[in-house]
Amino acid sequence: MTTKEIQKDLKNKLKPARYEHTLGVSDTAQHLAKIHGYDCAKAALAGLLHDCAKIHGRRSKKIALCREYGVSISDAEYKNPSLLHAKCGAILAEHEYQIIDFDILHAIRVHTTGVPDMSLLDKIIFIADYIEPNRDKAPHLKELRKLADKDLDETTYLILKDTVDYLKAHEDQTMDPTTVSAYEYYRDWHNSQNRKGV
Ligand code: FE
Ligand code: FE
């Protein structure tokens, strides 16, 4: 499947707002790739596919897909299956859209929670998902959009910090332990940078 064909397929399958978000992430990822020295076409493709599993709205379908491909499901994912769209997205990208590039599949798999020590593409997609132009609800968007052009690690840290703060404030939301470990990793990195600066 070519990128154009994938785009057409997603346009048919995703809800219009989700498709617009997808294009926003793809464009933002391409922009960040250009600035930070990554392959723009790969970043654009990962952005295009990052939410491809959102075509499966039903919880049972996502759980079945993970079981079919032997992908483990955490407690947090059982409680909040919308988290599962990242793992399911990587499965669909590989098996329906024939993506074999490990970096792209990994960036899709970790785009919701983040993970400790993310690759350059992981960070590009994680950040692009949060700051793309259609987003307007998260705090600090203006600052984060500016900072993303300069420092992907610091931007990743601040997004994870805001995410953890938000989840702590909303007890009905499930916190995935992977989000916590990603946050702690980037918080430690951030603190070590500050120490170096003193
Ligand atoms: Fe997503
Ligand atoms: Fe998304």
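Structure: see above.
A few points on the structure. (Residues numbered from 1 in each chain as written. Chains lettered and ligands numbered in written order. Predicted model: local features only at pLDDT ≥ 70, side-chain atom pairs only at ≥ 80, totals over all residues. Heavy atoms only, no water.)

1. Description of the coordination of the iron ion (ligand 2)
Summarising the metal site, the iron ion (ligand 2) is bound by the protein donors His21 (NE2), His50 (NE2), Asp51 (OD) and Asp129 (OD), whose distances to it range over 2.2 to 2.3 Å. One way to put it: the 4 donor atoms around the iron ion (ligand 2) meet at angles of 81 to 171°, and that makes the site irregular. Spacing between the donor residues of the iron ion (ligand 2) along their common chain follows H-x28-H-D-x77-D. A separation of 3.2 Å is found between the iron ion (ligand 2) and the iron ion (ligand 1), which are bridged by Asp51. One end of the pair, Asp51, is in the loop between helix H3 (40-49) and helix H4 (59-68); the other, Asp129, is in helix H8 (residues 120-131), with 78 residues separating them in the sequence. Judged by its relative accessible area of 11%, Asp129 falls in the buried class. (Donors = N, O, S within 2.8 Å, 3.2 Å for Na, K, Ca; no water. Tetrahedral: all angles 85-135°; square planar, octahedral: opposite > 155°, others 65-115°. Helix = DSSP H or I, 4+ residues; strand = E, 2+ residues; numbered from the N terminus. Buried < 20%, exposed > 50% of the residue type's maximum accessible area, 1.4 Å probe, protein only.)

2. A short note on unusual backbone geometry
Non-glycine residue Gln98 carries a positive phi angle of around 55°. Within the secondary structure layout, Gln98 lies in the loop between helix H6 (85-95) and helix H7 (102-109). Despite not being glycine, Asp117 shows a phi value in the positive range, around 55°. You can see Asp117 is positioned in the loop between H7 and H8. For Asp117, a relative accessible area of 56% gives the class exposed.

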